[in-house]
Amino acid sequence: MNQYADERRVFDEFLRKKGLKVTRERTALFDEIFSAHRHFDAEDLVIRMRDRGTKVSRATIYRTLELLHGCGLVGRVRLNEEKYRYERLRKGEHHDHLVCSSCGKVIEFVDAAIEKRQEAVCREHDFVATSHSHQIRGLCAACRKAAGKPAGRAPGAA
């Protein structure tokens, strides 16, 4: 069974356990989200679905994103108090995020030293982690340049 089919089965089972139906709209959203790996927000999905000629309400999009996040198939990064960026998650893959506080750009990165340190902290506290989210907020190069701020060290950096 390919990964897409496995993820679809996980979502369908999650819906059934919650007493929810596998609807045409939820299926169309699932297919759109899992057609490519990229960060998106709910409004991006509204536009993509409209461009495909598929009618799905904003409410259904927001509810479906919550369901996909709840079953662990979609991750989210908080941009501000009201807005998230989402991405599909792949089993066995992990990365962290740099989030631009100005434009909302999300940059993925993997750092083995950070992962090892997190594991060590868990061992030190006799703690078993089931998941984690690491985000570093700041300004991307384009926003720093637009604001006339030079590249350099973060405040408080040695």
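The rules behind each value
- Residues numbered from 1 in each chain as written.
- Predicted model: local features only at pLDDT ≥ 70, side-chain atom pairs only at ≥ 80, totals over all residues.
- Heavy atoms only, no water.
- Phe/Tyr/Trp six-rings, centres within 6.5 Å; stacked < 30°, edge-to-face > 60°.
- Buried < 20%, exposed > 50% of the residue type's maximum accessible area, 1.4 Å probe, protein only.
- Lys NZ or Arg CZ within 6 Å of the ring centre and 35° of its normal.
- Axes fitted to C-alpha atoms, helices over the stretch in contact; angles between N-to-C directions.
- Helix = DSSP H or I, 4+ residues; strand = E, 2+ residues; numbered from the N terminus.
- Parallel < 35°, antiparallel > 145°, perpendicular 65-115°, else oblique.
- Left-handed = near helix turned anticlockwise from the far one by under 90°.
- Contact = heavy atoms within 4.5 Å.
- Nonpolar A, V, L, I, M, F, W, Y, C, P; charged D, E, K, R; others polar.
- Pairing = 2+ DSSP bridges.
- Salt bridge = Lys/Arg side-chain N within 4 Å of Asp/Glu carboxyl O.

Draft legend 1. Representation of the packing of aromatic side chains within the structure. Inspection of every chain in the model, using the stated rule, returns four aromatic pairs. Relative to Phe34, the ring of Phe30 has its centre 4.3 Å away and its plane inclined at 15 degrees; by these criteria the two rings are stacked. With 6.1 Å between their ring centres and 50 degrees between their planes, Tyr84 and Tyr86 make a pair best called tilted. For Tyr86, a relative accessible area of 3% corresponds to the buried category. Here the aromatic cluster, defined as three or more aromatic residues joined through ring pairs, consists of Phe11, Phe30 and Phe34. One cation-aromatic arrangement involves Arg48 over Phe40; the distance from NZ or CZ to the ring centre is 5.4 Å. Across from the ring centre of Tyr84, 4.3 Å away, lies the NZ or CZ of Arg76, which sits over that ring.

Draft legend 2. Expanded view of the packing of helix α2 (residues 24-33) against helix α4 (residues 58-70). Taken N-terminus to C-terminus, the directions of α2 and α4 make an angle of 65 degrees; their axes are 10 Å apart at the nearest point. Here α4 runs roughly perpendicular to α2, going by the angle between their axes. Note that α2 runs across α4; the crossing there is right-handed. Of α4, the residues touching α2 (which contributes Glu25, Arg26, Leu29, Phe30 and Ile33) are Thr60, Ile61, Thr64, Leu65, Leu67 and Leu68. Here the contact of α2 with α4 is composed, by residue class, of seven nonpolar, two polar and two charged.

Draft legend 3. Spatial organisation of the pairing of strand β1 (residues 74-78). Across five bridges, the pairing between β1 and strand β2 (residues 84-88) is antiparallel. Across the sheet, residue Arg76 finds its bridge partner in β2, namely Tyr86.

Draft legend 4. Molecular detail of the pattern of salt bridges. This model, assessed by the stated rule, comprises 12 salt bridges. For Arg9, the salt bridge is made with Asp6, and the minimal N-O distance between the two is 2.3 Å. Remark: Asp6 and Arg9 occur in helix α1 (residues 3-17); sequence separation between them is three residues, near one turn of the helix. For Arg9, a relative accessible area of 34% translates into the label partly exposed. Where Arg38 meets Glu32, a salt bridge forms, and the shortest distance between an N and an O atom there is 3.8 Å. Salt bridges sharing partners connect three or more residues here, namely Glu32, Arg38, Arg48 and Arg52.

These values are about where atoms sit, not about what they do.
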